[in-house]
Structures are given as C-alpha cells and as structure tokens.
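Examination of the molecular architecture
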Amino acid sequence: MERESLLAASLEIVRLLSENDYDGLRSIGALEYMSEDAVRFAISDYGENIDGYKGEVDPPVGEVAEGYAEHFSYISSEDGKTYWTYLDLYLDGIISERSDLTLICLCETENDKVVRTVIDDIHVM
C-alpha cells in the first residue's frame, strides 16, 4: 500500500472535520467506531477548530500541508489489508505548530486502494 494513498484518505477525514461536516463523515461510514458527539468532545476538549484547509475543496496548504505529510505515520495489520494512520492535528489557527491531539484512522484496502476510512480514535498522544 502506498503511503500517499493512506495520507490522502486520512486527509479527507481531516477535511470533513475541519468543515464540521458530520453528515459527510456519516455518509462515508467514518463514524462507525466513534459517535459524532465523541468526536466533537475530543476536539472541543483540546481546541475549537481543526486547521489546514483554505476552503471546502482545497487541500491543506503551506506549512500545514508539509507538516501533515512530514509527520504522517501508519502501521499495517498482518494481512496487509488494514492500516492505522496517525495525524497530529493543527488547531485554532496555530499553523506553525502541531497539536498533541492525534487523529487515528482505520483504512481498509482492496487491490492496493483505500476503500474505507473510519475514525478509530482522537486523543492526546
């Protein structure tokens, strides 16, 4: 599995979170393991807004984009079909520094493509 595909799938979750698009998260099945309330609480308990996007469809920009890519990590299951990805989020306009709030996503793959991404956890690492 290519790192870029896993990063892109995880950043789609970040995009939806940054837009407070919980309907979008529900529609792709990303809230299977964590409820909307649990996700909102985890974010609001640490900050208010997830940063990294200029607009609804723009990818992360500048330092934030580089930071997400540079500090992105993942591990795979033994069968190589499931991956857990880790992204330290940027919060509340402080784009020069990553927070300690980490988004963990579970990515399921088929034929080397991510077919499903679920929020596994959001917590302080």
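To be clear, the structure that these remarks concern was listed above.
Below is a summary of the structure that appears in this document. If you're wondering where the values come from, they're calculated on a predicted model, not measured in any experiment.

1. What about the overall build of the protein?
- Scanning the protein from N- to C-terminus turns up four helices and six strands.
- Shown N-terminal to C-terminal, the secondary structure of the protein runs as helices and strands in the order α-α-α-β-α-β-β-β-β-β.
- Long-range pairs, those at least 24 residues apart, make up 52% of the contacts in the protein with a sequence separation of at least 6.
- Surface summary for the protein: the accessible area is close to 6900 Å², and the carbon and sulfur share equals 44%.

2. Overview of unusual backbone geometry
- Residues other than glycine seldom take positive phi values, yet Asn-20 does so here, at roughly 55°.
- Inspection of the secondary structure assignment puts Asn-20 in the loop between helix 1 (3-18) and helix 2 (22-27).
- Located in the positive-phi region is Asp-112, a residue other than glycine, with phi close to 60°.
- Along the chain, Asp-112 turns up in the loop between strand 5 (101-110) and strand 6 (113-124).
- Its relative accessible area of 58% is what places Asp-112 among the exposed residues.

3. Brief notes about the sheet that holds strand 3 (residues 82-88)
- Read from one edge to the other, the open sheet built from four strands follows the order 2-3-5-6, with strand pairing classed as antiparallel. A single partner strand is all that each edge strand has here, and the edge strands are strand 2 (73-76) and strand 6. If you compare each strand with its neighbour and ignore which way they point, the axes differ by 20° on average.
- Pairing between strand 2 and strand 3: four bridges, direction antiparallel. Note on strand 3: the bridge partner recorded for Ile-75 is Trp-84.
- Helix 1 rests against strand 2, strand 3, strand 5 and strand 6 of the sheet, and its axis sits at about 125° to strand 5.

4. Details of the pattern of salt bridges
- The final tally for this structure, using the stated rule, is seven salt bridges.
- Glu-19 serves as the salt-bridge partner of Arg-15, at 3.0 Å between the closest nitrogen and oxygen.
- Its relative accessible area of 18% is what places Arg-15 among the buried residues.
- We note a salt bridge from Arg-116 to Glu-32, for which the minimum N-O separation is 1.7 Å. You can see Arg-116 sitting in strand 6 and its partner Glu-32 sitting in the loop between helix 2 and helix 3 (36-46), a full 84 residues away along the chain.

5. Some details on the packing of aromatic side chains
- On inspection of all chains with the given rule, the structure shows two aromatic pairs.
- Geometrically, the ring pair formed by Phe-72 and Tyr-74 is tilted, given 5.9 Å between the ring centres and 35° between the ring planes.
- Phe-72 gets classed as buried once you look at its relative accessible area, which sits at 5%.
- For Tyr-74, a relative accessible area of 32% corresponds to the partly exposed category.

6. Considerations on helix 3
- Residues of helix 3 that are buried: Val-39, Ala-42 and Ile-43. Each buried residue of helix 3 lies within a common arc of 90° when the element is viewed along its axis, so the set occupies one face. Helix 3 presents Asp-37, Phe-41, Ser-44 and Asp-45 as exposed residues on the side facing more than 90 degrees away from its buried surface.

Cut-offs used in this document
Residues numbered from 1 in each chain as written. Predicted model: local features only at pLDDT ≥ 70, side-chain atom pairs only at ≥ 80, totals over all residues. Heavy atoms only, no water. Helix = DSSP H or I, 4+ residues; strand = E, 2+ residues; numbered from the N terminus. Contact = heavy atoms within 4.5 Å. Areas by Shrake-Rupley, 256 points an atom, 1.4 Å probe, with all protein chains shown as cover. Buried < 20%, exposed > 50% of the residue type's maximum accessible area, 1.4 Å probe, protein only. Pairing = 2+ DSSP bridges. Axes fitted to C-alpha atoms, helices over the stretch in contact; angles between N-to-C directions. Salt bridge = Lys/Arg side-chain N within 4 Å of Asp/Glu carboxyl O. Phe/Tyr/Trp six-rings, centres within 6.5 Å; stacked < 30°, edge-to-face > 60°. Arc of directions from axis to C-beta.

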